[in-house]
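# A structural walkthrough
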Amino acid sequence: MMDRNARPILELAPTQWARFVLRMSPAAGSIDEKEALRLASLALHAGRTASIKIPFGATPYDFADDLGILIFFNQDLRPEIRFAECHTLRGKTTITVFEENLHRIQHAITEAASLGVEIDLDPLELILWHELFHGMEHKSLYTDLLTARAELCRLGPFTRTCRLRSLSEIGAMAFACSACNWNFNPLILNYWLLASYDKQEAERFAHALLSNHGHVQLSK
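Read on for an overview of the structure. Everything numeric here is computed off the predicted structure, so don't read it as measured data. (Residues numbered from 1 in each chain as written. Predicted model: local features only at pLDDT ≥ 70, side-chain atom pairs only at ≥ 80, totals over all residues. Heavy atoms only, no water.)

### Quick word on the overall build of the protein
Inclusion rule: To qualify as a helix, a DSSP run of H or I must reach at least 4 residues; to qualify as a strand, a run of E must reach at least 2; elements of each kind are numbered from the N terminus. A radius of gyration in this sense is built from C-alpha atoms; the matching globule rule multiplies 2.2 Å by the number of residues raised to 0.38. Here's how the labels work: a residue is buried when its accessible area is under 20% of the maximum for its type, exposed when over 50%, partly exposed in between, all with a 1.4 Å probe on protein chains only. Contact criterion: two residues are considered in contact whenever any of their non-hydrogen atoms come within 4.5 Å of each other. For every accessible area listed, the method is Shrake-Rupley and the probe measures 1.4 Å; residues are considered covered only by the protein chains on display.
Scanning the protein from terminus to terminus reveals 10 helices and 5 strands. Over its C-alpha atoms the protein spans a radius of gyration of 17 Å, differing by no more than 12% from the 17 Å that the globule rule assigns to 220 residues. Each principal axis of the C-alpha distribution contributes one length, and for the protein these read about 60 × 40 × 30 Å. Classification of the 220 residues of the protein by burial places 49% in the buried group. At a minimum sequence separation of 6, the contacts of the protein that also span at least 24 residues come to 71%. Only carbon and sulfur atoms are counted for the fraction: they give 53% of the accessible area of the protein, which is about 11,100 Å².

Structure follows, in structure tokens:
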């Protein structure tokens, strides 16, 4: 599973993957490079700043308890191709972790270590912190990136703007990386997860990511 594209993705600069994730939204296609970089920097900074709210020494489970968020492990052997989701139903916010996909990532990390790439990371910890950022958004404890607007175009005195959900994803990645002291590009986990299901799809993902072009739907 550790092929020629894994190492470049692992080492991708945060500003580069942030700009790429920004393009998850079709509306972002008309955003120029300067605006994309501003928004990416805003989201990265917001996520890192939000991590200051984590009490010293707290685990994701401690933080979830403090926020009143439930963590549930889905043991379906044919889950969606993503790590987890955060949702709110009847006022109760829950993080659902797809356990089968967690096992796939743990296997990929073990395989990478056998090939000389040390990944000192519990993927579950990174995934939970990522979803806890969304949990704060669900509870309206943190909504900065949900309300941020991107400028699409100007026509005289009029400016067309839109909200981009992908800003929240960038913020959540930065939040999780800060909480875990994770220095690598977190999208390596997406790549490995895709590869465990479809290697060709993973190669397309890697090509789009490394060339910084095109639209790719990322799992969380």
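### Digging into unusual backbone geometry
Despite not being glycine, R90 has its phi angle at roughly 55°, a positive value. Judged by relative accessible area, which is 79%, R90 ranks as exposed. In this model, N181 sits at a positive phi of 55°, which is unusual for a non-glycine residue. If you trace the backbone, N181 turns up in the loop between helix 8 (165-180) and helix 9 (187-197). Judged by its relative accessible area of 66%, N181 is exposed.

### A closer look at the packing of aromatic side chains
Definition in use: Only Phe, Tyr and Trp rings are paired, with Trp represented by its six-membered ring, and only when their centres lie within 6.5 Å; those with planes under 30 degrees apart are stacked, over 60 edge-to-face, the remainder tilted. The criterion for a charge sitting over a ring is simple: Lys NZ or Arg CZ within 6 Å of the ring centre, and within 35 degrees of the ring normal.
Applying the stated criterion to the full structure yields 5 aromatic pairs. Ring centres 5.4 Å apart and planes at 50° place the aromatic pair F133 and F175 in the tilted group. Of this pair, F133 sits in helix 6 (residues 123-138) while F175 sits in helix 8, and the two are 42 residues apart along the sequence. For the pair shown, F133 and F175 are each scored as buried. Three or more aromatic residues joined by ring pairs make a cluster, and in this case those are F63, W129, F133, Y142 and F175. Sitting above the plane of the Y197 ring, R104 keeps its charged end 3.8 Å from the centroid.

### Here's the deal with the packing of helix 6 against helix 8
Put simply, the test is: Only the contacting stretch of a helix is used when fitting its axis, a line to C-alpha atoms as for every element, and angles between N-to-C directions run 0 to 180 degrees. Here is the rule for angles: anything less than 35 degrees is roughly parallel, anything more than 145 is roughly antiparallel, 65 through 115 is roughly perpendicular, and the remaining ranges are oblique. Throughout, a crossing is termed right-handed when the near helix is turned clockwise from the far one, and left-handed when it is turned anticlockwise from it by less than a right angle. Any residue outside Ala, Val, Leu, Ile, Met, Phe, Trp, Tyr, Cys, Pro, Asp, Glu, Lys and Arg is labelled polar, Gly included; the first ten of those are nonpolar and the last four are charged.
Packing of helix 6 against helix 8 leaves a shortest axis separation of 8 Å and a crossing angle of 130°. Between helix 6 and helix 8, the angle falls in the class oblique. Read as a crossing pair, helix 6 and helix 8 show a hand that is right-handed. Counting all contacts with helix 6, which are made through E125, L126, W129, H130, F133, H134, M136 and E137, the residues of helix 8 involved are R165, S168, E169, G171, A172, M173, F175, A176, C177, A179 and C180. Partitioning the contact of helix 6 with helix 8 into residue classes produces 11 nonpolar, 4 polar and 4 charged.

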